[in-house]
Amino acid sequence: MGVPPCRASLRLLAGWARGWGAPLSRGAPAGPCRRHYKKEALPAPEGPVPPVTVTEIRQYLRAQGIPFQDGYSCLHAASLFAESPGGQTPPQPPGRHSLFIDKTTGSFVCTASLAEGTWQDFQACVELKHKGVPRAGLEELGRADQAGEDARHIWDRALPLWELLDEEETRAAKAVFGISKVSDATLKRFGVRYLRAARTLVFPWFSPGGTSLKGLKLLGAECQGDTILYVENTLPRPSTYHNLFGLPLIGRRDTEVVLTGRELDTLALYQATGLPSLSLPRGATCLPPALLPYLEQFKRITLWLGEDLRSWEAAKLFARKLNPKRCSLVRPGDRQPRPLEAFTRGMNLSKILRSALPAGHKSIVSFRQLRDEVFGELSDVEQVAGVKWARFPELNKLLKGHRKGELTVFTGPTGSGKTTFISEYALDLCVQGVNTLWGSFEINNVRLAKIMLTQFAVRRLEEQLDQFDEWADKFEDLPLYFMTFHGHQNIKAVIDTMLHAVYMYDISHVIIDNLQFMMGQEQLTVDRPARRLIMC
């Protein structure tokens, strides 16, 4: 299975920024070295990192004498990492704690020093503090990487869009991205730049204080009739690009915010309403838990992620992470399109925001409360059917599409090609942005990844090893994760891992291959056909 060619290679752009060659030409120098990355695997709960509950976190903090406050999705405490000139932790007024501990995972983030890590990392730091070990360097624990040379070189070569010498070029560039009505003042406020050579907008990722550049997102666009197709690339890679675009502009006293799915939506929303607005780094695909601490200060959050049913489903999922009691959702539809389109059409964005629905519903509802959702399902039949497979039209006729909350069972004798087909089936959805979790209990992950990479590249890579890095880089950017289980496992451990993956990576597609190996032979001897089940 192949993917569309990338229209703006960050590696080539960085090479051009250093003076190595043209950024978009094939065969341009790729730089002096290639950086290799390691795909993240989900650990088994009984592995070296045990799960932690919010009750255990609270008990530990009390036992260590660390005052804390309860938040929406995190516990708030004074930072252990920020130091005053005298080497002491500076006093922090109530409500301005800078240390946030995730209630679900125990992971922590210090917004003052940018230190972050796991619950085990936090416990180690507390122990070191009690032993009087100097904390020099502790603030670097898990710190997000600062902008690499590639990001810095690209940023330095990009120009503010309003500073282009040719006004006609400026108008044409804005028109391509559909932001003709977005003012130069708005672009300047958010620090948006334009990379003329690649014809892309450049959105910066600054640290919360706005003091250092941590990364970039490059947005390309091309018009296809009346539709604008956007192409995104990020530095660092999407899995570690955690930029809440617009965060440095948020004030400490702001208690309301609107979350959008694109940076351009944030620009339009702010200009139209003046309200604090942030865009999620991966749109409606995922809300990384690492971002939750930066959203703790808001008492009201409105999610306006897009114009399709997938955006609506994502908004409801994200609201559960953020605490539904403080969330409202803008229901997508023709009268409520995404913010940029509504702004372009001259619609009243403030009125649309006022019509947002509360995310938290009571146990009993009337048809009046369901009316809009029923209308949405009737008017968007194709979207309700789910994500369609690009390579399996006959499967679309049978199943209509992939929908959340459903179970599909594939059966067949040994050697009939179940695993080969399921990996193609899953790749088709994964390329379309469906976050996927694989549980391969029969074959190990290395062999499975080799099969899927070969299918993804649509070529025999063992005969073309010089192309391995190119395809591996593309494959690594897919929203694909693997459980590390193999053979017979405890069902509760598997379910706990699935729940963890749903929280961390917003998984919407889980594959179990296969049920016979996961449950063990002895549990399936009564029902022989069940021994050859694969569940999706």
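Residue numbers run consecutively from 1 along every chain, following the written order of its sequence. Local features in this predicted model are restricted to residues of pLDDT 70 or higher, and side-chain atom pairs are both shown and tallied only at a pLDDT of 80 or more, whereas totals for entire chains, interfaces and linings draw on every residue. Values reported for side chains reflect all heavy atoms of the structure, with hydrogen atoms and water molecules removed beforehand.

Participant: I'm lost on the sheet that holds strand β15 (residues 327-329) in this one. Help?
Facilitator: Hydrogen bonds along the backbone pair up the strands of a sheet, which may run parallel or antiparallel. DSSP-based pairing: two strands are paired if at least 2 bridges between them are found. Think of it this way: any DSSP run of H or I at least four residues long counts as a helix, any run of E at least two long counts as a strand, and we number them from the N terminus. The 5 strands lie next to each other as β13-β12-β14-β15-β16, forming an open sheet whose pairing is mixed. Strands at the two margins of the open sheet, each flanked by one partner only, are β13 (277-279) and β16 (357-358). Two strands pair when backbone bridges link them, and strand β12 (residues 256-260) and β13 are joined in this way by 3 bridges, in the parallel orientation. Paired with Leu-259 across the bridge in β13 is Leu-278. Any two residues having at least one pair of non-hydrogen atoms within 4.5 Å are treated as being in contact. To define axes, lines are fitted to C-alpha atoms, for helices over the stretch in contact only, and angles between the resulting N-to-C directions are given on a 0 to 180 degree scale. In the packing of helix α8 (residues 309-322) onto the sheet, the strands contacted are β12, β14 (300-304), β15 and β16, and the crossing angle to β15 comes to about 175°.

Participant: Can you walk me through the packing of helix α15 (residues 445-457) against helix α16 (residues 468-476) in this structure?
Facilitator: When two helices pack together, their arrangement is given by the angle between the helix axes and by the axis-to-axis distance. Running from N to C, α15 and α16 point in directions that differ by 100°, and their axes come no closer than 10 Å. Between α15 and α16, the angle falls in the class roughly perpendicular. On α16, the residues touching Met-452, Leu-453, Phe-456 and Ala-457 of α15 are Phe-468, Trp-471, Ala-472, Lys-474 and Phe-475. Between 65 and 115 degrees an angle is taken as roughly perpendicular, under 35 as roughly parallel, over 145 as roughly antiparallel, and anywhere else as oblique.

Participant: Would you mind going over the pairing of strand β20 (residues 509-513) with me for this structure?
Facilitator: Working note: regular strand, side chains alternate between the two faces of the sheet. With 4 of 5 residues buried, β20 is to be regarded as a mostly interior element. Of the pairings in the sheet, the one linking strand β18 (residues 436-440) to β20 comprises 5 bridges and is parallel in character. Residue pairing in the sheet places Trp-438 in a bridge with Ile-511 of β20. Partly exposed residues are those whose accessible area sits between 20% and 50% of the maximum for their type, while under 20% is buried and over 50% is exposed, using a 1.4 Å probe and protein chains only.

Participant: Any chance you could explain the pattern of salt bridges here in plain terms?
Facilitator: A side chain with one charge can pair with a side chain of the opposite charge if their charged atoms come near. Salt bridge, as used here, is a side-chain nitrogen of Lys or Arg placed within 4 Å of a carboxyl oxygen of Asp or Glu. Tallied over the full model, the rule gives 24 salt bridges. In this structure, the salt-bridge partner of Arg-58 is Asp-70, at a minimum N-O distance of 2.8 Å. Placement of Arg-58 in helix α2 (residues 54-63) and of Asp-70 in strand β2 (residues 68-70) is noted, with a sequence separation of 12 residues between them. Take Asp-70: its relative accessible area is 48%, and that puts it in the partly exposed class. Of the charged contacts, one joins Glu-424 and Arg-391 as a salt bridge, the two residues approaching to 2.7 Å between their closest N and O atoms. Of this pair, Glu-424 sits in helix α14 (residues 418-431) while Arg-391 is found in the loop between α12 (381-384) and α13 (393-399), placing the two residues 33 residues apart along the sequence. Looking at Arg-391, the relative accessible area reads 45%, which means it is partly exposed.

Participant: Help me out: how do you make sense of the packing of aromatic side chains in this one?
Facilitator: Any pair of aromatic rings gets described here by the distance separating the centres and the angle formed by the planes. Two rings from Phe, Tyr or Trp (for Trp, the six-membered ring) form a pair when their centres are within 6.5 Å of each other. A pair whose planes differ by under 30 degrees is stacked, one over 60 is edge-to-face, and the rest are tilted. Counted according to the given criterion, the structure contains 17 aromatic pairs. With a centroid separation of 6.0 Å and an interplanar angle of 50°, the aromatic rings of Phe-421 and Tyr-425 are classed as tilted. With a gap of 4 residues between them, Phe-421 and Tyr-425 both fall in helix α14, about one helical turn apart. Taking relative accessible area as the criterion, Tyr-425 reaches 2% and is therefore assigned buried. An aromatic cluster is present here, built from Trp-389, Phe-392, Phe-410, Phe-421 and Tyr-425 joined pairwise through their rings. The residue whose ring lies beneath Lys-181 is Phe-343, and the NZ or CZ to ring-centre distance is 5.2 Å. In this scheme, the term charge over a ring applies when either NZ of a lysine or CZ of an arginine sits within 6 Å of the ring centre and within 35 degrees of the ring normal. Just above the ring of Trp-155 sits the side chain of Arg-193; from NZ or CZ to the centre is 3.9 Å.

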